[in-house]
Amino acid sequence: MPATRAPATCDPAGERPPRPPEPVPHRPPLLPLWPLAVMFGLVPLWWLAGAFYLGWSLLGALLFALLVVRGRVPLPPATGLWLLFLALVVVSATRLTSSGSVPAFGLRLGFYVTAIVVGVYVYALARERADPAAVLVPLCAFWLGLVALGWLGLLAPRLALTTPTELLLPAGVVADSYVQDLVHVATTEYSQRSLDPIFRPAAPFPYTNNYGSAYAITLPCVVAYTMLRGRGALRWVLLASLPLSLAPAFLTLNRVMFASLGVGLAVLGVRAALRGNVRVGASVVGVLVIGGLAALFIPVAELIGDRVRTTDTNSDRASLYAEVLRRIGDSPWLGYGAPVNADTVSAQAPVGTQGQLWMVLFSHGIPALLCFVAWFVVAAVRCRRARSAAGQWLAVVPVICLVQIPFYGMASPNLAVAFFAVAFAVALTERETAPAPPRTGRLRAVPA
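Residues numbered from 1 in each chain as written. Predicted model: local features only at pLDDT ≥ 70, side-chain atom pairs only at ≥ 80, totals over all residues. Heavy atoms only, no water.

**Student:** What is the right way to read the overall build of the protein from this model?
**Tutor:** Counting its secondary structure elements, the protein contains 21 helices and 4 strands. The buried share among the 448 residues of the protein stands at 48%. For the protein, long-range pairs separated by at least 24 residues make up 79% of all intrachain contacts whose partners lie at least 6 apart in sequence. Split by element, the accessible area of the protein, about 22,200 Å² in all, is 66% carbon and sulfur. (Helix = DSSP H or I, 4+ residues; strand = E, 2+ residues; numbered from the N terminus. Buried < 20%, exposed > 50% of the residue type's maximum accessible area, 1.4 Å probe, protein only. Contact = heavy atoms within 4.5 Å. Areas by Shrake-Rupley, 256 points an atom, 1.4 Å probe, with all protein chains shown as cover.)

**Student:** Just checking my understanding: could you explain a nonpolar patch on the surface for this structure?
**Tutor:** Together, V285, V289, L293, L296 and F297 give the surface a local cluster of nonpolar side chains, amounting to about 570 Å² of exposed area. Secondary-structure assignment places V285 in helix α14 (residues 278-297). (Patch = residues over 30% accessible without salt bridge, like charges linked within 9 Å, V, L, I, M, F, W, Y side chains within 5 Å. Salt bridge = Lys/Arg side-chain N within 4 Å of Asp/Glu carboxyl O.)

**Student:** Just to check I follow, could you spell out the environment of T188 for this structure?
**Tutor:** Along the chain, T188 falls in strand β3 (residues 188-189). Along the sequence, T188 and R200 sit 12 residues apart, while their C-alpha atoms lie 5.2 Å from each other. The contact partners of T188, leaving out residues within four places of it in the chain, are G153, P157, F199, R200, P201 and A202. For T188, the side chain forms a polar contact with the main-chain oxygen of P157, separated by 2.4 Å. (Polar contact = N/O pair within 3.5 Å; in protein donor to acceptor, adjacent residues only side chain to side chain.)

**Student:** Teacher, can you tell me more about helix α10 (residues 208-228) here?
**Tutor:** One full turn of an α-helix is made of 3.6 residues, so residues set three or four places apart face in the same direction. Between its first and last C-alpha atoms α10 spans 31 Å; for 21 residues at 1.5 Å apiece the expected length is 30 Å, and the two agree. Roughly 30 degrees is the biggest bend found in α10, and it falls at T218, with proline P220 one to four residues downstream. Most of α10 sits out of view: 19 of its 21 residues are buried. (Expected span 1.5 Å × (residues − 1). Bend = angle between axes of the 7 residues up to and from the residue.)

**Student:** Even after reading the chapter, I still don't get the confidence of the model for the protein, so can you show me in this structure?
**Tutor:** In regions of low pLDDT, the predicted coordinates are not meant to be interpreted in detail. Confidence in the prediction for the protein averages 89 pLDDT; 90% of positions are at 70 or higher. Note on residues 441-448: pLDDT is under 50 here. Beyond four places in sequence and across chains, it has 0 contacts. (pLDDT = per-residue confidence, 0-100.)

**Student:** Is there a simple way to explain the packing of aromatic side chains in this structure?
**Tutor:** To describe a pair of aromatic rings, one takes the distance between the centres and the angle between the planes. According to the stated counting rule, one finds 22 aromatic pairs in the structure shown. Measuring from centroid to centroid gives 6.0 Å for W82 and W375, while their planes differ by 65 degrees, and the two rings are edge-to-face. With W82 in helix α4 (residues 79-92) and W375 in helix α18 (residues 366-383), this pair connects stretches of sequence that are 293 residues apart. In this pair, the class of W82 matches that of W375, namely buried. Between Y336 and F362, the ring centres sit 4.7 Å apart and the planes meet at 25 degrees, which makes this aromatic pair stacked. You can see Y336 sitting in the loop between α16 (313-328) and α17 (356-364) and its partner F362 sitting in helix α17, a full 26 residues away along the chain. (Phe/Tyr/Trp six-rings, centres within 6.5 Å; stacked < 30°, edge-to-face > 60°.)

**Student:** Teacher, can you tell me more about unusual backbone geometry here?
**Tutor:** Note on backbone geometry: most residues besides glycine have negative phi, and most peptide bonds are trans. P204 follows A203 through a cis peptide bond whose omega is 10 degrees. Residue placement: P204 occurs in the loop between β4 (200-201) and α10. Notably, Q354 is not glycine yet its phi reads approximately 65 degrees, a positive angle. Turning to its location among the elements, Q354 is positioned in the loop between α16 and α17. Here Q354 falls in the partly exposed class, since its relative accessible area comes to 30%.

**Student:** How should the environment of Q404 be read in this particular structure?
**Tutor:** Its location among the elements puts Q404 in helix α20 (residues 397-404). Assessed through its relative accessible area of 0%, Q404 is described here as buried. For the pair Q404 and A216, spaced 188 residues apart in sequence, the C-alpha separation works out to 9.4 Å. The residues contacting Q404, other than those within four sequence positions of it, are G212, S213, A216, I217, V256 and S260. Polar side-chain contacts of Q404 include one of 3.3 Å to the side chain of S260.

**Student:** I keep staring at a positive patch on the surface and nothing clicks. Help me out?
**Tutor:** On the surface, a cluster of positive charge is contributed by R275, R384, R385 and R387. Secondary-structure assignment places R384 in the loop between α18 and α19 (389-394). You can call R384 partly exposed: its relative accessible area is 45%. (Lys, Arg positive; Asp, Glu negative; His and termini not counted. Charge placed at Lys NZ, Arg CZ, Asp CG, Glu CD.)

**Student:** Where do I start with the pattern of salt bridges in this structure?
**Tutor:** A side chain of one charge can pair with a side chain of the opposite charge if their charged atoms are brought near each other. What the rule picks out here adds up to 6 salt bridges. When the shortest N-O distance is used, the salt bridge between D131 and R229 registers 2.1 Å. Of this pair, D131 sits in the loop between α5 (102-128) and α6 (137-155) while R229 sits in the loop between α10 and α11 (233-244); the two residues are 98 residues apart in sequence, bridging distant segments of the chain. A relative accessible area of 24% places R229 in the partly exposed class. Within the structure, one salt-bridge network assembled from shared partners comprises R127, R382 and E430.

**Student:** I'm lost on α11 in this one. Help?
**Tutor:** Taking 1.5 Å of rise per residue, the 12 residues of α11 would be expected to cover 16 Å, and the 17 Å separating its terminal C-alpha atoms lies within 8% of that figure. Of all the residues in α11, the buried ones are R235, L238, S241 and L242. Buried residues of α11, seen end-on, are gathered within an arc of 125 degrees and therefore sit on one face of the element. Counted as exposed and oriented over 90 degrees from the buried face of α11: A233 and W236. Buried positions along α11 lie against α6, α10 and α12 (246-250). (Arc of directions from axis to C-beta.)

**Student:** Whenever I open this one, the side chain of N277 confuses me. Can you help?
**Tutor:** Looking at the element boundaries, N277 is found in the loop between α13 (255-275) and α14. Accessibility expressed as a relative area gives 19% for N277, which makes it buried. For N277, the side chain forms a polar contact with the main-chain nitrogen of V280, separated by 3.1 Å.

Written out as structure tokens, the structure is:
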């Protein structure tokens, strides 16, 4: 039997042949930042065009297309909860009683879908970018637009414009009061029947409560950016905008805006005290001092008191909430598909409005409400582990949202603003709490 031998592992000179290079893992291309800049940074332009609300989901569709083309996108925590919420919203459409409710239902569904698309996009960007602060720039641009339009409301409170979108839509569509509010833009919200109206800044939103909600959500993001970036022109512009923003924000007279910011700052201050974080504590004190000084010149407490005494806001809201609780027992699983008008309440607004909690509960049922609230609760729990000063400021955004949900509607572009901030906060927290890679080095021979 012929002898066999192992194949040679060395060439005739006794050297081992070189190993073939290891294949480099394929990395998907980085997502661009410019779509977020177009979406959030150009909000004053979308407002002037009358397309801020009606065109918002189209901008979300652009983000979704980029995510699909890129592929292999990481999903933020609790995405499954939100997808279940969306499924329940879609199924609840079977409870709609008229075809006239379908367009408004589709608009709200578009806001819900766009929010998670924005969250996934921002989460992926913040995880991949070497400089995560750059991802916050579009949201900071949104803030600057909010402040500028707020001041426009103070300087030109009766300004209203017929927009290109309003001219392009059919007259029958524009005749709807809700659509009219969205496409015929105004700088403030006020009672036109009042002899001495109170002008409350609202632009780029049709309602001043949306302005207050957006202000409270984005303020921590602006402070966080100034902490992430120690220099740069944008940082100084944002620092200057903080005291300038107080006049339009205070004159919205939004009690829930103040309450949600107060709870957020209280949580932030307690966490800073427990962790001994002097920088965070000092920043909280600084914000409170600036706000206190502004209150010396703007009698906001007196203005809010006067408004409450001259309106039926509290009783109207209470009657709407009681009607929701009375009716939801007849359709607890899927709700009624949409808010409905009712003669049994004192308020002019439909039942299922005046608060996102009540809208989701009445329109889509108890399971949908649990999913909606649970998403923000999961985000708040995960973000509380943030270590940096900027991360701790961002960590209170979901807390602020949870305070607002019972009182403010979020079926608007504001939901995408909240998802932008929360997704970035979650990604930054994960970067800060990720275990450090093991240190490697070359072994050196120790001389005998």
